[in-house]
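A closer look at the structure
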Amino acid sequence: MTATLIPPRTSLSGLVTALARVTRRRDHRAGLLAELETARLVPAVVVPGIQHQAAEAIVRVGLPAVEHRRRMVQRRIDEHLFLDVDGRAGVRVLACWDEQAHRVRMHVAETGEPGLWDRIVVRFTEWERDGRPVPGADEARGAGS
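Fair warning: this is a prediction, and the values are worked out from it, not measured in the lab.

Of all 10 residues in strand S4 (residues 89–98), 9 are buried; the element is thus mostly enclosed. Note that strand S3 (residues 77–84) and S4 share 8 bridges and pair antiparallel. Looking at the pairing, Asp84 lines up with Ala89 of S4. A loop of 4 residues connects S3 with S4, the two strands running antiparallel in sequence, and Arg88 in this loop sits at a positive phi of about 55°. The sheet contact formed by S4 and strand S5 (residues 103–112) spans 10 bridges and is antiparallel.

What follows is about the pattern of salt bridges. Pairs may arise between side chains of opposite charge once their charged atoms sit close together. By the definition in use, this model includes 10 salt bridges. With a shortest N-O distance of 3.1 Å, Asp84 and Arg119 are connected by a salt bridge. Within this pair, whereas Asp84 is found in strand S3, its partner Arg119 is found in helix H3 (residues 116–129), the two being separated by 35 residues in sequence. Under the relative-accessibility criterion, Arg119 is labelled partly exposed at 36%.

Note on soluble globular proteins: their nonpolar side chains tend to be buried together. Counting 20 residues, the largest nonpolar core has Ile50, Phe82, Val91, Trp117, Ile120 and Phe124 as the members making the most contacts within it. Secondary structure elements with two or more residues in this core: helix H2 (55–62), S4, S5 and H3. When residues in this core are grouped by element, the largest group, 5 residues, is from H3. Each residue touching Phe82, except ones within four places of it in the same chain, is listed here: Ile50, Val59, Val66, Glu67, His68, Ala89, Gly90, Val91, Val93, Leu116, Ile120 and Phe124. One finds Leu36, Leu81, Leu83 and Val85 within the second-largest nonpolar core, a separate group that totals 5 residues.

Here is what the cut-offs are and how they apply
- Residues numbered from 1 in each chain as written.
- Predicted model: local features only at pLDDT ≥ 70, side-chain atom pairs only at ≥ 80, totals over all residues.
- Heavy atoms only, no water.
- Buried < 20%, exposed > 50% of the residue type's maximum accessible area, 1.4 Å probe, protein only.
- Helix = DSSP H or I, 4+ residues; strand = E, 2+ residues; numbered from the N terminus.
- Pairing = 2+ DSSP bridges.
- Salt bridge = Lys/Arg side-chain N within 4 Å of Asp/Glu carboxyl O.
- Core = buried A, V, L, I, M, F, W, Y, C linked by side-chain atoms within 4.5 Å.
- Contact = heavy atoms within 4.5 Å.

Laid out in structure tokens, this is it:
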């Protein structure tokens, strides 16, 4: 005896909805990235926590909807991308070491819904105020014991 299993319609519609959401999310991400690439960079306040090695975890804890990516553009220039795909907002930060001033300078571009840069500054300010806790550091220390 052979039985043909037919998935319920609700499962199929759920799958279609999920696929559409993922596809739209990719399209929004690609659009944000393209806009950030061409957006005008302006001088910005230096936010020291952005350069921290645990910046991605710090952002994830305080701004769970925001993705953080970091890459070295040149030897003394780091690029940080902050994407809130669902909120359709993006921020690009270039952190450059200024040889003459002996300090970091930051330039920022923001696209989409305004306010993401302000939320990032607030997040890292709160992190500094709270004593610069590194998310997950306690678990990592406990695992090695």
